[in-house]
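A closer look at the structure
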Amino acid sequence: MHKRSLRRLAVPAMLAAIAVGLAAPAQAGGAGPGQGQGGKAAAEIVTGTKLEGRTAALTFDDGPNPYDTPRLLEVLKENQVKAVFCLWGDFVKQNPELVRQIVAGGHTLCNHTMNHDNLAAWTPEAIREDLEATSALLHEVAPNVPIPYFRAPYGAWGQSPQVAADLGMQPLGWGFTIEDWETQDPDVLAERLETRLRANPGAVALLHDGPAMDRSGTVEAVARVIPELKAEGWRFHQPDRRG
Ligand SMILES: [Zn+2]
């Protein structure tokens, strides 16, 4: 099971508090400025894959995390699954090599802001400044890497969908989460992941490999559930990028 290092206990409680802000449900259909403009608004918040049936898109937020991102990358590689990593600038600065490993693994990057601030009340100008700085940091670490997605911390989108779209990034929502900020019990998380994948075919799944704290239960859930579903014909794709 999970008897990994106790040094995790030294991680400031502040980080745990920051990470748990996903109480809001997914905003299916989007709530950005593009909503209602008909069909293909680039600011639309995507919550699914392009395909129907036994598919899902796996997305991992708040890393890179030196404790659990490496193991997650191994698990994904073993299962030949590509995922999206929504990276937090502060941790990109601390773990640049992990960003390069994510890219080398064939995964896709998503801008998740520099400091994981709540953008709900920010002006478009302030949002743009943060998103540009975060993307510039990612490009410093991994030159020329595509950053096709943006995800607002806490799902607090505010005016960020249009700003992200203007910068060429698709706002990336989710169809379901496994609420892995509540617990890291691998049994609970594996059950949630399997049940919610089956209940939401074609959805974007939101999980957490960061911030820098214990996410071993999340990784273990992925390691248990993905091989089983793949054996049943499930496929893991990129989120839809309409527009
Ligand atoms: Zn986050």
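Whatever comes next refers back to the structure up there.
Attention here is on the structure that accompanies the text. Computed from a prediction, not measured in an experiment: that's the story for all the values here.

Listed as protein donors to the zinc ion are Asp62 (OD), His112 (NE2) and His116 (NE2); their distances from the metal cover 2.0 to 2.1 Å. Sequence positions of the donors to the zinc ion reduce to the motif D-x49-H-x3-H. Taken together, the residues Asp62 in strand 1 (residues 55–63) and His112 in the loop between strand 3 (108–111) and helix 5 (124–141) connect sequence positions 50 residues apart.

Moving on to the packing of aromatic side chains. Enumeration over the complete set of coordinates arrives at three aromatic pairs. Judged by centre distance (6.0 Å) and plane angle (75°), the ring pair of Phe150 and Trp157 falls under edge-to-face. Summarising the burial analysis for this pair, Phe150 and Trp157 share the class buried.

Further remarks concern the packing of helix 2 (residues 69–78) against helix 8 (residues 216–231). Packing of helix 2 against helix 8 brings their axes to within 10 Å, and their N-to-C directions diverge by 10°. Judged by the angle between their axes, helix 2 and helix 8 are roughly parallel. Contact residues: helix 2 offers Arg71, Leu72, Val75 and Leu76, while helix 8 offers Val219, Glu220, Val222 and Ala223.

Next up on the list: the layout of surface pockets. A volume near 160 Å³ is recorded for the second largest pocket. Residue lining of the second largest pocket: Pro70, Leu73, Glu74, Leu76, Lys77, Gln80, Val81, Lys82, Gln101, Ala104, Gly105 and His107, and that is the complete set. If one sorts the elements of the lining of the second largest pocket by residue count, helix 2 sits on top with five residues. The class makeup of the residues in the lining of the second largest pocket is five nonpolar, four polar and three charged.

The rules behind these values
Residues numbered from 1 in each chain as written. Predicted model: local features only at pLDDT ≥ 70, side-chain atom pairs only at ≥ 80, totals over all residues. Heavy atoms only, no water. Donors = N, O, S within 2.8 Å, 3.2 Å for Na, K, Ca; no water. Helix = DSSP H or I, 4+ residues; strand = E, 2+ residues; numbered from the N terminus. Phe/Tyr/Trp six-rings, centres within 6.5 Å; stacked < 30°, edge-to-face > 60°. Buried < 20%, exposed > 50% of the residue type's maximum accessible area, 1.4 Å probe, protein only. Axes fitted to C-alpha atoms, helices over the stretch in contact; angles between N-to-C directions. Parallel < 35°, antiparallel > 145°, perpendicular 65-115°, else oblique. Contact = heavy atoms within 4.5 Å. 1 Å grid on protein atoms, 1.4 Å probe; cavity = no way out; pocket = protein on both sides within 12 Å on 5 of 7 lines; lining within 4 Å. Points joined across faces, edges and corners; volume = space filled by probe spheres on them. Nonpolar A, V, L, I, M, F, W, Y, C, P; charged D, E, K, R; others polar.

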